[in-house]
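Structural description and commentary
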2 protein chains.
Amino acid sequence: MTNWTAMTYILPPLNALRAFEAAARHLSFKLAAHELHVTPAAVGQQVKALEARLGVRLFERLHKQLVLTAAGQAYLPEISDGFRRIADATAQLKPVGAVLLQLGVHGSFDLRRLELEAFRASHAEIGLRVLQPAGLHELIEGKVDVLIARGLGNHPGYRCDRVTEGSGLGDWLIAPAGTADCPEISSFRDWLRALPVENSLALHRRRVVGIVRS
Amino acid sequence: MTNWTAMTYILPPLNALRAFEAAARHLSFKLAAHELHVTPAAVGQQVKALEARLGVRLFERLHKQLVLTAAGQAYLPEISDGFRRIADATAQLKPVGAVLLQLGVHGSFDLRRLELEAFRASHAEIGLRVLQPAGLHELIEGKVDVLIARGLGNHPGYRCDRVTEGSGLGDWLIAPAGTADCPEISSFRDWLRALPVENSLALHRRRVVGIVRS
DNA sequence: AATGCTTACGATCAACGTAACCATG
DNA sequence: CATGGTTACGTTGATCGTAAGCATT
């Protein structure tokens, strides 16, 4: 008996699901945490909560090794597929302008202080999209075109520009050397450096995860 | 040039995405809010934040009417599909026992206080799954088999049992009359009523959304 | 005037980090 | 004894509700 009422979904907590998906793909909370820019403890907590909600154990916890249960094995590819589909759709979302500029933001910086709308308003040809949290991985893997980070200057092969005047650790705009001077990135860099100081990037430090395999 | 490194996804904030999907399906923040058990303001905020992240306007805000932009129209079916896939996979996840009992929980009750693990331990044949937040809709639509709610007793066609002794508004276990006496639900009800009082359902009230269309 | 979206503000709760712990190889 | 998962606990921040405002019919 199908239902006339808007057939809605029963979805588990989506962030917990994301933690599970990453952990299952890596068969490791540690590596999943690295990917998600959180700590291993956080991943473990999310997965545990998910299992409690579903009433199903998804991992066998061996010693320093995760193994998917039968349920987990059946679940993983479906969930990956769902996320992949969402990711694909998002990637294909046409930006407002002709060019899409993907900006990664390191840590938990309150984006409202950046007034990205001002940049967008004065650069209609650039579609600015934000990925947060993001780190060097995302830049290396090409998931973002440019990265705002704190205290991460000077990487070989990357152009790093300070975008705040303050003393001590500063905020850097990091772009691959090959593309660092293309118009979109130049425009954004110039715009950032021209920001009034009180708006300057108060990147709050949130997490430092040790480097995993380089 | 495809990448050897673990091909990870770029996902927008998933909760905001869920808000968008519901809003787009209903073409209404109000109805979406009803579905998601939050207020219309919350939905609007989430959608706005999503648009800001993506750099794409998804809705045209007319007067008391939402219209999807071209981008929103292209986005919606893909996102719905992704969520649907996740929901389907979750529905097919085999419970531990032979029987699956879907429990809806009204409001934001801290599930840890219920020690559902104790119930599971003593009822291995029942796979207990939790949906939260949930309300009468979910019960009516059959998305949950039984509902724990506060101050919502006495509904025609439903069996309502008080499961706490305290005075004033109490916590109710609500099940459709047709299935209220099947073994799973009976077991759960009995178990609930036998709980020590200090564990009794301290359902925190979180939201009261006015009834929409009956 | 009633309705539905918006915004500002404060409150609340989920998510997270830290640190200590445990088990195993 | 180094490593990776677990747990407890306190903190932070994302999320939400309230209430006031706005525009349109």
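Please read these numbers as outputs of a predicted model, since none were measured by experiment.

So, on to the overall build of chain A. Tallying secondary structure elements over chain A gives seven helices and seven strands in all. Buried residues in chain A amount to 49% of all 214 residues. Residue pairs at least 24 apart in sequence account for 62% of intrachain contacts in chain A once pairs closer than 6 positions are excluded.

Take the UniProt feature "domain: HTH lysR-type" (unreviewed entry) in chain A next. Mapped onto the present numbering, the UniProt feature "domain: HTH lysR-type" (unreviewed entry) falls on residues 12-69 of chain A. In this annotation, residues 12-69 of chain A is assigned 62% helix and 14% strand; the end-to-end C-alpha distance for the span is 18 Å.

A low pLDDT means the predicted coordinates there should not be read in detail. Residues and elements named next belong to chain A. Of all residues in chain A, 84% have pLDDT values of 70 or greater, and the mean over the chain is 86. Predicted confidence for residues 1-6 stays below pLDDT 50, and this span has three contacts to residues more than four positions away or in other chains. This stretch, residues 198-214, has a pLDDT under 50; its non-local contacts, to residues over four places away or in other chains, come to 37 contacts.

On to the protein's contact with DNA strand D. In the region of DNA strand D, 18 residues are neighbours, and Phe29(A), Lys30(A), Arg61(A), Thr39(B) and His63(B) sit closest. Backbone sugar and phosphate groups make up 71% of those atoms of DNA strand D lying within 4 Å of the protein. With respect to DNA strand D, the side chain of Gln45(B) contributes an N or O atom lying 3.1 Å from a base oxygen. In the environment of DNA strand D, a base oxygen lies 2.8 Å from a nitrogen or oxygen atom belonging to the side chain of His63(B). Put simply, the parts of the chain that give the surface near DNA strand D at least two residues each are helix 2 (29-36) and helix 3 (40-54) of chain A together with helix 3 (40-54) of chain B. Among the elements that make up the surface near DNA strand D, the one with the highest residue count is helix 3 of chain B (four residues).

Okay, the interface of chain B and chain A next. Put simply, an interface is often sized by how much accessible area is lost when its parts join up. Opposite the 50 residues of chain B that make contact, chain A presents 50 residues. The junction of chain B with chain A conceals about 4,900 Å² of combined surface from both sides, 61% of it contributed by carbon and sulfur atoms. By the criterion of area lost to chain A, the three top residues of chain B are Tyr9(B), Ile10(B) and Arg53(B), representing 17% of everything that side buries. The interface formed by chain B and chain A holds two salt bridges in total. Note that Arg85(A) is salt-bridged to Asp81(B), the shortest N-O span being 2.9 Å. For the pair chain B and chain A, the interface holds 12 residue pairs in polar contact (both at pLDDT 80 or more).

On to the packing of aromatic side chains, then. Counted according to the given criterion, the structure contains 12 aromatic pairs over all chains. In textbook terms, an aromatic cluster arises when at least three aromatic residues are bridged by ring pairs, as seen for Phe20(A), Phe29(A), Phe59(A) and Tyr75(A). In this arrangement the basic side chain of Arg25(A) is found over the ring face of Tyr9(B), its NZ or CZ atom lying 5.4 Å from the centre.

Right, let's get into unusual backbone geometry. In this structure, the amide linkage connecting Gln132(A) to the following residue, Pro133(A), adopts the cis form with an omega of 0°. The backbone of Leu27(A) sits at a positive phi, close to 50°, despite the residue not being glycine. Even without being glycine, His37(B) reaches a positive phi, approximately 65°. Of note, His37(B) is situated in the loop between helix 2 (29-36) and helix 3. On the accessibility criterion, His37(B) (5% relative accessible area) is buried.

A few words now on empty space enclosed by the protein. Applying the stated criterion across every chain yields a total of three cavities of 30 Å³ or more. Estimated volume of the largest cavity: approximately 70 Å³. Lining of the largest cavity is provided by Thr90(A), Gln102(A), Arg129(A), Val130(A), Leu131(A), Ile10(B), Leu11(B), Pro12(B), Pro13(B), Arg53(B) and Leu54(B). Where the lining of the largest cavity is concerned, the elements lending two or more residues are strand 4 (126-131) of chain A together with helix 3 of chain B. Of all the elements, strand 4 of chain A adds the most residues to the lining of the largest cavity, at three residues. Split by residue class, the lining of the largest cavity holds seven nonpolar, two polar and two charged.

Calculation notes
- Along each chain, residue indices are assigned from 1 in the same order as the chain's sequence is written.
- Just so you know, chain letters begin at A and ligand numbers begin at 1, following the order they were written in.
- For this predicted model, a pLDDT threshold of at least 70 governs which residues receive local features, and a threshold of 80 or more governs which side-chain atom pairs are given and counted, while totals over whole chains, interfaces and linings are taken from all residues.
- Side-chain figures throughout are based on the complete set of non-hydrogen atoms in the structure, without hydrogens or water.
- Counting from the N terminus, the helices are DSSP H or I runs at least four residues long and the strands are E runs at least two residues long.
- Relative accessible area decides the class of each residue, using a 1.4 Å probe on protein chains only: under 20% of the type maximum gives buried, over 50% gives exposed, and in between gives partly exposed.
- Contacts are assigned to residue pairs with any non-hydrogen atoms lying within 4.5 Å of each other.
- UniProt positions are given in the numbering used here, feature names are shortened, and annotations may be inferred rather than shown by experiment.
- Every residue gets a pLDDT, meaning the predictor's confidence in that residue, from 0 to 100.
- Here a residue is near a molecule or strand as soon as one of its heavy atoms is found within 4 Å of it.
- N or O atoms closer than or at 3.5 Å make up a polar contact, with two conditions inside protein: a donor-capable atom paired with an acceptor-capable one, and, for residues adjacent in sequence, both atoms drawn from side chains.
- We define buried area as the total accessible area lost by two parts upon association, computed with a 1.4 Å probe and summed across both.
- In what follows, salt bridge is the name for a side-chain nitrogen of Lys or Arg lying within 4 Å of a carboxyl oxygen of Asp or Glu.
- Ring geometry is summarised as follows: Phe, Tyr and Trp rings, the Trp one being its six-membered ring, pair when their centres sit within 6.5 Å, and such pairs are stacked at plane angles under 30 degrees, edge-to-face over 60 and tilted between the two.
- A ring has a charge above it when a Lys NZ or an Arg CZ is no more than 6 Å from the ring centre and no more than 35 degrees off the ring normal.
- Using only the protein atoms, space was sampled on a 1 Å grid; points where a 1.4 Å probe fits but cannot get out form cavities, open sets with protein on both sides within 12 Å along at least five of seven lines form pockets, and lining residues are those with an atom within 4 Å of a point.
- Grid points are joined across faces, edges and corners, and a volume is the space filled by probe spheres set on the points.
- Nonpolar residues are Ala, Val, Leu, Ile, Met, Phe, Trp, Tyr, Cys and Pro. Charged residues are Asp, Glu, Lys and Arg, and all others, Gly as well, are polar.

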